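# Observations on the model geometry
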Amino acid sequence: MSSRVDSELGELLELGDRIVKMATSGGATVAECLLRSGAELSARVRLGKPELVEEAAHRSAGLRVMKGKQVATTSTSDLTEAGIQRFVADALELSDLAQEDPFAGPADEALMDPSQAADLDLFDPRGGAVDAAQAIATAKIGEEAAMAFDKRISNSEGATFSRTAGGAAIVLSSGFRSAYKGSYQSLSVVPLAEDEGGKKRRGYFWTAKRFLEELDDAKAVGEEAARRTLRKLGAKSVATGDFPVVFDPDAARSILGLIAGCVMGSQIWRKSSYLHGREGTQVASSMVNIVDDPLIKRAPGSRPYDGEGLVSRKNVVVENGILKTYLCDSYSARKLGRASTGNASRGGSAGVSCSTTNFILSPGTDSNEAIVKGTKQGLYVTEMMGFGFNAVTGDFSRGAAGFWIENGELAYPVSEVTISLNIDELYKRIDAVGSDLDLRTSTAAPTIRVSRMTVAGSGTSA
């Protein structure tokens, strides 16, 4: 990777070298610098007219220093000479004031080797070069397609095209130094339709990829957004009871995100997760396999190394329903008496925490249609509202909307219902896993079916 570093990344690395040298010369036993540069653009149109265009460029540095077991972090966007001097001095002063932490320390140098970092093809020059005019034009195509799809589409909350591109460099006093670039762009369309009684029904559809050429066609995105809006017309509640619940990929992703937070080493050592002490035990149906894989080319959560410089690796989190590992950075690993899994990330201040990369519920073999067809009666969830999850107990309850399934068919749209079940039991009751995985986001899941959940509504089921 280092042989292909461009001038922008080269400048970041040189600046990182200077900052680390200043910190160690000032008394730091460990200095770690994260630098970022890039640009973002977001353009929204509504009813054919540009409503918002935001464009910004940024350059920033974050620094973590250690004096023995005393740790401090600082950040700055002032990269003038005076700004850098003050930034480093602040970090050193704060470290003198910090309490000692027996678990503090850098990552294991033996696990750092930037030459082993994979080329993951994360940067698209075309995507990073999209200007405001192109972004507006693309958003207009999406919205116009939605509005023209059916006369029942009466209004729009707009269409938005966004792109971001930039570079990140990390320089450590251990000698590790490396940098890479990344890009990501997305298009979303949100049409409205008028339902009985003047009630507005809102639907949406979106596409997102690291490479511009891989985005779904803008016209197709708009038409699918309209289709999803129209199928909500006539939505009603259902009777309360225990039923099978099918989660479409967007809703399943939300369910997967709950367990992502619960396998973080930081949550485990704090005993803030229902999965504490559960390694090696069954935490899900045997159909469930979950991986954290930063090595997928062009995927949104991919990276060649983690925030501490450890070479990225794939971690199997759940295998055939058995919890295999927690995801740790070096600090949480020390707290738990184990090795890092390469899951460190750094925020703007260069502070280190645990994070997922591409956190994926592995696809099965059944199509979405086959799972619905195999469900005699139940709820098909396309959206969830609110936040009702207790990570310590696993209790889960959220508002939901979607469709009622009758005899293997989507019979009518459903809204104003609540679904609930302890998340531990929810995962154990998964009895179907779809084949429709789409890596639009770094946390991704296919369609899943839970054999039985409590569905609370106020209407009468068909």
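Calculation notes
Residues numbered from 1 in each chain as written. Predicted model: local features only at pLDDT ≥ 70, side-chain atom pairs only at ≥ 80, totals over all residues. Heavy atoms only, no water. Helix = DSSP H or I, 4+ residues; strand = E, 2+ residues; numbered from the N terminus. Buried < 20%, exposed > 50% of the residue type's maximum accessible area, 1.4 Å probe, protein only. Polar contact = N/O pair within 3.5 Å; in protein donor to acceptor, adjacent residues only side chain to side chain. Axes fitted to C-alpha atoms, helices over the stretch in contact; angles between N-to-C directions. Parallel < 35°, antiparallel > 145°, perpendicular 65-115°, else oblique. Left-handed = near helix turned anticlockwise from the far one by under 90°. Contact = heavy atoms within 4.5 Å. Nonpolar A, V, L, I, M, F, W, Y, C, P; charged D, E, K, R; others polar. Phe/Tyr/Trp six-rings, centres within 6.5 Å; stacked < 30°, edge-to-face > 60°. Lys NZ or Arg CZ within 6 Å of the ring centre and 35° of its normal. Pairing = 2+ DSSP bridges. Core = buried A, V, L, I, M, F, W, Y, C linked by side-chain atoms within 4.5 Å. Salt bridge = Lys/Arg side-chain N within 4 Å of Asp/Glu carboxyl O. Disulfide = S-S within 2.5 Å.

Turning our eyes to something else, we now look at the side chain of S237. With respect to the element layout, S237 can be found in the loop between α5 (218-230) and β8 (241-247). For S237, a relative accessible area of 9% translates into the label buried. Within polar-contact distance, the side chain of S237 engages the backbone oxygen of E416 at 3.3 Å.

Once that is clear, we can look at the packing of helix α4 (residues 132-149) against α5. The N-to-C vectors of α4 and α5 enclose an angle of 40°; their axes lie 7 Å apart at closest approach. In terms of orientation, α4 and α5 fall into the oblique class. The two elements α4 and α5 meet at a crossing, and its hand is right-handed. Taking contact as the criterion, the partners of T138, I141, G142, A145, A146 and F149 in α4 are, on α5, A218, K219, G222, E223, A226, R227 and L230. Its residues placed into classes, the contact of α4 with α5 shows seven nonpolar, three polar and three charged.

Right, let's get into the packing of aromatic side chains. One pair of aromatic rings is described through two measures. These are the centre distance and the angle between the planes. Evaluation of the coordinates by the stated rule reveals six aromatic pairs. Taken together, a centroid distance of 5.7 Å and an interplanar angle of 85° make the contact between Y180 and Y305 edge-to-face. Of the two residues, Y180 is situated in strand β5 (residues 177-194) and Y305 in the loop between β9 (290-292) and β10 (315-319); the sequence distance between them amounts to 125 residues. With centroids separated by 6.2 Å and ring planes inclined at 65°, the aromatic side chains of W269 and Y331 adopt a geometry described as edge-to-face. Taken together, the positions of W269 in helix α7 (residues 265-269) and Y331 in helix α8 (residues 330-336) put the pair 62 residues apart, joining distant regions of the chain. Through successive ring pairs, a cluster of aromatic residues spans F103, W269 and Y331. Here R298 stacks its cationic end above the ring of F211, 3.5 Å away from the centre of that ring. Sitting above the plane of the W206 ring, R440 keeps its charged end 4.1 Å from the centroid.

Turning to the sheet that holds strand β14 (residues 359-361), a few remarks are in order. Reading across from one edge, β11-β10-β9-β14-β19 is the order of the five strands in this open sheet, with mixed pairing throughout. Two strands in the sheet have a free side with no partner beyond their single neighbour: β11 (322-323) and β19 (443-444). As judged from the two bridges shared by β14 and β19, these two strands associate in the parallel manner. For I360, the partnering residue across the bridge sits in β19 and is A444.

What follows deals with the side chain of T447. As for its placement among the helices and strands, T447 is situated in the loop between β19 and β20 (448-456). Using a relative accessible area of 0% as the deciding quantity, one classes T447 as buried. Polar side-chain contacts of T447 include one of 2.9 Å to the side chain of N368. Apart from the residues lying within four places of it in its own chain, the contact partners of T447 are V246, F247, D248, P249, N368, I371, A432, V433, G434 and D436.

On to the nonpolar core, then. Counting residues in each nonpolar core, the largest one holds 53 residues, and the members touching the most others are F247, I290, F396, I419 and Y427. Ranked by residues supplied to this core, first place goes to helix α6 (residues 249-262) with eight residues. Those residues in contact with F247, other than ones at most four positions away along the chain, are A252, I255, V381, M384, I419, P446, T447, I448, V450 and M453.

Close approach of charged atoms allows side chains of opposite charge to pair. Using the criterion set out here, one finds 34 salt bridges in the structure. The residue R440 makes a salt bridge to D438 at a minimum N-O spacing of 3.4 Å. When its relative accessible area of 35% is taken as the criterion, D438 is described as partly exposed.

Right, let's talk about unusual backbone geometry for a bit. Look at N320: it is not a glycine, yet its phi comes out positive at around 50°. Checked against the element boundaries, N320 lands in the loop between β10 and β11.

This part takes up the state of the cysteines. The tally for this structure, following the rule as stated, stands at zero disulfides. Free cysteine: C262, not disulfide-bonded; nearest cysteine sulfur from C354 at 13 Å. The exposure class of C262 is buried, given its relative accessible area of 1%. Between C328, a cysteine without a disulfide, and C354, which holds the nearest cysteine sulfur, the sulfur-to-sulfur distance is 5.8 Å.

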